[in-house]
Amino acid sequence: MDMRPLGSTGITVSLLGLGTVKIGRNEGVKYPQGFDLPDDAGVIALLEQAHALGITLIDTAPAYGRSEERLGQLLPKVGAGRAGWVIATKAGEWFEDGQSRFDFSVPAIIASVETSLRRLRTDYIDVVLLHSDGIDEAGDRFLPAAEALDRLKRRGLIRASGFSGKTPAGSHHMLDCVDVMMLTYNPGYTDDLPVIAEAAAAGKGVLIKKALASGHAADPASALRAAAAIAGVSSIVVGTVSPANLRANATALQAGKEGVA
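Now for a quick tour of the structure. (Residues numbered from 1 in each chain as written. Predicted model: local features only at pLDDT ≥ 70, side-chain atom pairs only at ≥ 80, totals over all residues. Heavy atoms only, no water.)

Another point: the overall build of the protein chain. What the protein chain contains, in helices and strands, is 8 helices and 12 strands. For 261 residues, the compact-globule estimate of 2.2 N^0.38 gives 18 Å, and the protein chain sits close to it at 17 Å. Reported as C-alpha extents along the three principal axes, the dimensions of the protein chain are approximately 45 × 40 × 35 Å. In the protein chain, which comprises 261 residues, the share counted as buried stands at 50%. Intrachain contacts of the protein chain at a sequence separation of at least 6 include 71% that bridge at least 24 residues. Total accessible area on the protein chain is roughly 11,000 Å²; 51% of this is exposed by carbon and sulfur atoms. Positive and negative side-chain charges in the protein chain, numbering 26 and 29 respectively, have mean positions lying 3 Å apart. (Helix = DSSP H or I, 4+ residues; strand = E, 2+ residues; numbered from the N terminus. Rg over C-alpha atoms; globule rule 2.2 N^0.38 Å. Buried < 20%, exposed > 50% of the residue type's maximum accessible area, 1.4 Å probe, protein only. Contact = heavy atoms within 4.5 Å. Areas by Shrake-Rupley, 256 points an atom, 1.4 Å probe, with all protein chains shown as cover. Lys, Arg positive; Asp, Glu negative; His and termini not counted. Charge placed at Lys NZ, Arg CZ, Asp CG, Glu CD.)

In C-alpha cells form, the structure reads like this:
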C-alpha cells in the first residue's frame, strides 16, 4: 500500500483509508442496499485484512452510531495496537433516534472530542474534522469550532484539525483554518476539484470521501484510480464491511500504480 504525507501535519497515511460507518450504523444511510451490522468477529476480520494490506487510516465519527465505541474495543486486538493506526474522527454531528443532530458551539466541540477519546480508548486522536451540516457557506459560523480544535491540538489531545465540507464554497472558506480537508470526488461529482488543488498548494492534507459515490459507482476500480491520480490527495476513504471488497479496492489502486510506472 502506498503511503502519502497528510499535507504538512507530519502524519503519514495509507492511500486507501477504511471508512467505518457500516460497523456502527445501518439506518439513514445512502447505500444502494441495506446491510446488517457485523458482529465483533466480522469487525476484527475486516481490521485484520486492513492491517495485512498496509492500510493505516481508519475514519470514524460520532454520527456513525457505535463505530467509535467498537473501534475502541477491537482495534487493540489487531496489528501493533494504537501506534499502528491513524485514527480520524469528527465533531459537530451525532446520530440518535434515527436522525442527525448538529452543534458546533465551542463547548459541544470540546465535549465531542472528549467523548471520542473515551470511546476510542486512546489519549490522542490523529485527526478531528468538523462534520459540516451542509450550511457551510454561511460566513464564519465554523471558525470558533476550528479555534477550539486548535486549542485541543495545543493540549496534545489531537494531532491535526480538519473540515469535512458539503459545498466547494464552504470548504474554500475553511481552508486556512484547519490542517486537513475532507472533500468529495467521484466520476459524477467533480465540483471540489478546485478546492483540492487549493488545499494541496497550501500544504493541507486532503482526504477524499464518496469516491465510489456511496456504492453507486459503475466502475469502482477506475473511480479509485482517478481519485488517486489527483495531485495532492493524501488518502481515499472507502467504507466497507467486506474484507474481500477492501482487498479488491487495494488491488485496484496497486494496479493503477503499476500502470503508471
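The rest of the description comes next.
Both faces of the sheet carry side chains from a regular strand, because those side chains alternate between them. Residue alternation in strand E6 (residues 93–96) divides its side chains into a buried set, Glu93 and Phe95, and an unburied set, Trp94 and Glu96. One ladder, built from 4 bridges, connects E6 with strand E7 (residues 99–102); its direction is antiparallel. Of the residues in E7, the one forming a bridge with Trp94 is Arg101. Once E6 ends, the chain turns through 2 residues before running back antiparallel as E7, passing Asp97 with a positive phi of about 55°. (Pairing = 2+ DSSP bridges.)

This part covers the sheet that holds strand E5 (residues 86–91). The 8 strands lie next to each other as E3-E4-E5-E8-E9-E10-E11-E12, forming a closed barrel whose pairing is parallel. Within this sheet the neighbouring strands show an average axis-to-axis angle of 30°, counted without direction. Against the sheet, helix H6 (residues 193–201) makes contact with strand E10 (180–184) and strand E11 (205–209), and its axis sits at roughly 155° relative to E11, the strand it touches most. (Axes fitted to C-alpha atoms, helices over the stretch in contact; angles between N-to-C directions.)

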